[in-house]
Amino acid sequence: MATGLQNQDGVPENLRKQLAVAVRSIQWSYAIFWSVSTRQPGVLQWGDGYYNGDIKTRKTVQSVELNADQMGLQRSEQLRELYESLAAGESNPQAKRPSAALSPEDLTDTEWYYLVCMSFVFNIGQGLPGRTLANGQPIWLCNAQIADSKVFSRSLLAKSASIQTVICFPFLGGVVELGVTELVLEDPSLIQHIKTSFLEIPYSIVSKKSCSSVGNKINDRDGTCAELDNAILETKLNLVVECEELNMISPNTSSNGFVPNQPAEDSYMVEGIYAGASQVQSWQFRDDEFSNCVHNSMNSSDCISQTFVDAEKVVSAPNGEKGNNHCVLDLRQCNHTKMNSLNLQNDDLHYQSVLSALLKSSDQLILGRHFRNCNKESSFVSWKKGGLVGTIKPRSGTSQNLLKKVLFEVAQMHGDCLLVPQEDKDRNNGIWRPEVDGINWNQGLSERRQRGNLSERFLVLGSLVPSKSKVDKVSILDDTIEYLKELQKRVEELESCRESTELEATTRRKPGDTVERTSDNYGDNNFGHRKKPLINKRKACEIDETESEINCGLVKDSSGDNVTVSMIEEDVVIEMRCPWRECLLLEIMDAVSNLHLDSHSVQSSTNDGILFVTIKSKFKGSMAASAGIIRRALQRVVHKC
Amino acid sequence: MENSTQESHLRSENLVTYDSLYPLYAMALSSSPSRTPHNHHQHRIAVGSFIEEYNNRVDILSFDDETLTIKTHPNLSFDHPYPPTKLMFHPNSTSSLRKSSDLLASSGDYLRLWEVRDNSIEPISVLNNSKTSEFCAPLTSFDWNEIEPRRIGTSSIDTTCTIWDIERAVVETQLIAHDKEVYDIAWGEAGVFASVSADGSVRIFDLRDKEHSTIIYESPQPDTPLLRLAWNKQDLRYMATILMDSNKVVILDIRSPTVPVAELERHRASVNAIAWAPQSPRHICSAGDDTQALIWELPTVAGPNGIDPMSMYSAGSEINQLQWSAAQPDWIAIAFSNKMQLLKV
């Protein structure tokens, strides 16, 4: 925990209290202070924060009743601890997390959002906080959950946490960010109100004295609730110190008389003196004692899940419209993962658990061992803009030549593959078809894609089915039904042929396993017609049915002059003829589309068991296969009996 | 073991070259060194030929990083049907019971496992997930889970990824991962993997929740295939991918999907291979058609003009393969034409 606190460079020590006051007064979900990192100038990192949103389980053994604001602070502290402990796991991923009061399962989605925010860093000028700081202007973001990720990089996270409104404004050389799960329309006066009323007053609530008395009953007035009436009463006590501090922290802000209540004047004075003597940057004194004593009270924590009593009554907020924002959650829901699988409505929920699984072992970049740059022994030389003279000769041919061959062509070499897992197989063999989560930015895209796919399929279907009217999808389906009936009849007719030839084929395949490479020697007698040029195809039709039925089993062995591929630039014309069989045309179309060919016309006819196909197509994209590859691929389809 | 037939021709203090009889593509570095009689460390390297025919070959070489020599072993070589699309040694073989032998996996038509002993190689298993036929869709790549070494995930052109339990030689899960061919797969956690595809997306899968996957990146022009994927094992927030016909290396942060955290654009031609440094979370090496291998150090803040590489090496021709092994973090292995080269980092 101590290490965690040390990370918070340049953050005023009582800032968390101020954030607490601010965020609770307007009943928002969280407040974060992003501060400029002292280790990496130019980068905004987590400075401090206060969580005021929904809480699922509260684990503690409580000997004392904490009031609402102590509970809130304690929760924020516990969340920070949890983050630190998750982060600490990095050095030794296998090691168990050190005991933190909370574990990831105990968090609501909003808390998880808050926690993950701790790992973010922003370059100045980038992200919501970064741009706020760069421009010096507040940013009010409505509908944060669907914001473009360029505008708000955490939009996905926000969506899962139902955060809808996020505002950022510059403060104390850093940026204060506030977020809420409701849609709040832009209201500059709200920001002004927060700034002047709560943040820019020196506000030191937890003195060392009051801290050590956590075990005792604490005066309610010690609360972080901004009870302005009380504050006014105390103003004069603090007047001197306050002036000094105001000058220090926010020179441009007009002084403001509303100072929230502070009973422990003596400790306040001490802090005031600190403030007067130090620069903003050196506000690094930690109120360790405070966090320690909260922590100590937690040490014997026995993981009792306790219903969190609505804290509204303690907060004296003018507009209590929010009502029960501190939900009482059941123990049933303790298991975060379980909850996710039940709650399918929120697609992104599961991504959180993926993230949590991954991020438990990684935090911010840790500077690794630096490579010995320009080492004498190294084969590498330091990079120069011009590159090494004379050594770079970008090749004129295809780029990624070998890589593409490995990915696109080796697969084709293996051939005879089932290219698309069939639906029924999915169910039988337990193939999962994960639902792609509808992250907003791509939803439209995938829908469009799906529609495109559908139309494409209809086009293919239309071209496969001999029909008179290929106008609309309904008539394509009608024609298909008609055609299928016809085909079924055909199948029955050919059944006997297939049975006999299959037997033949299997017995033949065993001795010579390399069927595809053997020459067509023994198919020749029966297949003389195949060698003839395509102009003669009419002749083939004249061959009587018995002969072609026998041929059907022998096709495997023919070398396959029956596929011709001609290419003129992007246009590819494929002409095929081969013994007809069930689904062959479909497979051919599949193979064609797998070769990244876009077919714009398909003509097919069957005559006496011989299928004639002419496909006119174009290459899609830049993955042009050679004529030989197309031919081989189609031959493989034909041979797959 | 001492019957080496060939020693590397070219060697210097910082570079060792091996000439093969055929073009090389697949390559793997052993994760654990074995010892020679002289008590030198020897690292096994497997190289796979790329010949556009049925007969291809995988050779096991050994690299001695003290004498800077590469030895071949006539016995340690086997035939592979068509070129292997990927080779990989057991990622954590020190933990296995086998002392002097090593497990090697190869992908192509099937996922195959081989036991590499001192003087021989034995095929262990051929893993075929197709129950209905003897054919299974060809595999484009695979990744061996480091944390759970009994798991291997394969990617296939039939749009699926298959998770194998190699100890029991059974399919643990098969998922239809993408809309199009899956080109590469990478493990992040014991049960979390990511894949890239011809559909242009990077998706993350969690085996605890197979109902969902999450797209964390899509190529800017729809349907530009993503060819390779590398997950930073030192910092799982980051992964890198490359696009077809692109000179970019795209660096992704899984916490902020959709927009890459960085795009490395100093290659002068398309990139073919990427590998994260095994011992540093911020370094990545890339190699491409411009014959260069570039080492990049990812800055915390990118300048306005993009990121420059830290150092470079130029090979004689297009670099097709790149491996950076945890067992030898000082060495990067590249393959180009029919050469394999070990470069001192």
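Residues numbered from 1 in each chain as written. Chains lettered and ligands numbered in written order. Predicted model: local features only at pLDDT ≥ 70, side-chain atom pairs only at ≥ 80, totals over all residues. Heavy atoms only, no water.

Further remarks concern the pairing of strand β16 (residues 182–187) of chain B. Residues and elements named next belong to chain B. The buried count for β16 comes to 6 of 6 residues, which makes it a mostly enclosed element. Across 5 bridges, β16 lies against strand β17 (residues 192–197) in antiparallel orientation. Paired with I185 across the strands is S195, a residue of β17. Hairpin connection, β16 to β17: the antiparallel pair is bridged by 4 residues. (Buried < 20%, exposed > 50% of the residue type's maximum accessible area, 1.4 Å probe, protein only. Helix = DSSP H or I, 4+ residues; strand = E, 2+ residues; numbered from the N terminus. Pairing = 2+ DSSP bridges.)

Glancing now at the UniProt feature "repeat: WD" (unreviewed entry) in chain B. Taking the UniProt record as the reference, the feature "repeat: WD" (unreviewed entry) is found at residues 175–215 and 264–298 of chain B. Between the end C-alpha atoms of residues 264–298 of chain B the distance is 9 Å, and the span holds 0% helix and 54% strand. (UniProt positions renumbered as here; feature names shortened; annotations may be inferred.)

Within the open sheet, the 5 strands sit side by side as β9(A)-β27(B)-β26(B)-β25(B)-β24(B). Their pairing is antiparallel. Both edges of this open sheet fall to β9 (381–382) of chain A together with β24 (271–276) of chain B, since each of them pairs with a single strand only.

Here we come to the nonpolar core. Inside soluble globular proteins, nonpolar side chains tend to come together where they are buried. Counting residues in hydrophobic clusters, the biggest one holds 45 residues, and the most contacted among them are L104, V249 and I251 of chain B. By residue number, the principal contributor to this core is helix α14 (residues 401–414) of chain A, which donates 7 residues. (Core = buried A, V, L, I, M, F, W, Y, C linked by side-chain atoms within 4.5 Å.)

Residues and elements named next belong to chain A. Sheet architecture is open: 4 strands sit in the order β12-β13-β15-β14, paired in antiparallel fashion. If you trace the sheet from one side to the other, it starts and ends with β12 (563–568) and β14 (597–607), each paired once. Pairs of neighbouring strands in the sheet enclose a mean axial angle of 10°, with direction left out of account. As paired elements, β14 and strand β15 (residues 610–619) share 10 bridges and run antiparallel to each other. By the bridge assignment, S605 is partnered in β15 with F612. (Axes fitted to C-alpha atoms, helices over the stretch in contact; angles between N-to-C directions.)

Residues and elements named next belong to chain A. Across all of its chains, the model carries 16 aromatic pairs over all chains by this definition. With centroids separated by 6.0 Å and ring planes inclined at 85°, the aromatic side chains of W34 and W46 adopt a geometry described as edge-to-face. Linking W34 in strand β1 (residues 30–36) with W46 in strand β2 (residues 43–51), this pair joins segments that are 12 residues apart in sequence. When sorted by exposure, W34 lands in the same class as W46, which is buried. Following the ring pairs from residue to residue traces out a cluster consisting of Y30, W34, W46, Y51, Y113, Y114, F120 and F122. Here R154 stacks its cationic end above the ring of F120, 5.9 Å away from the centre of that ring. (Phe/Tyr/Trp six-rings, centres within 6.5 Å; stacked < 30°, edge-to-face > 60°. Lys NZ or Arg CZ within 6 Å of the ring centre and 35° of its normal.)

Turning next to the pattern of salt bridges. Residue and element names in this part refer to chain B. Within the structure shown, the criterion is met by 30 salt bridges over all chains. The shortest N-O distance in the salt bridge between D19 and K339 comes to 3.4 Å. In this pair, D19 is assigned in strand β2 (residues 15–19) and K339 in strand β30 (residues 339–344), connecting sequence segments 320 residues apart. Close ionic contact of R266 with D308 constitutes a salt bridge, the shortest N to O distance being 2.5 Å. Residue R266 is found in the loop between β23 (262–264) and β24, and its partner D308 is found in the loop between β26 (292–297) and β27 (311–314); the two are separated by 42 residues along the sequence. Overall, D308 belongs to the partly exposed group, its relative accessible area being 36%. (Salt bridge = Lys/Arg side-chain N within 4 Å of Asp/Glu carboxyl O.)

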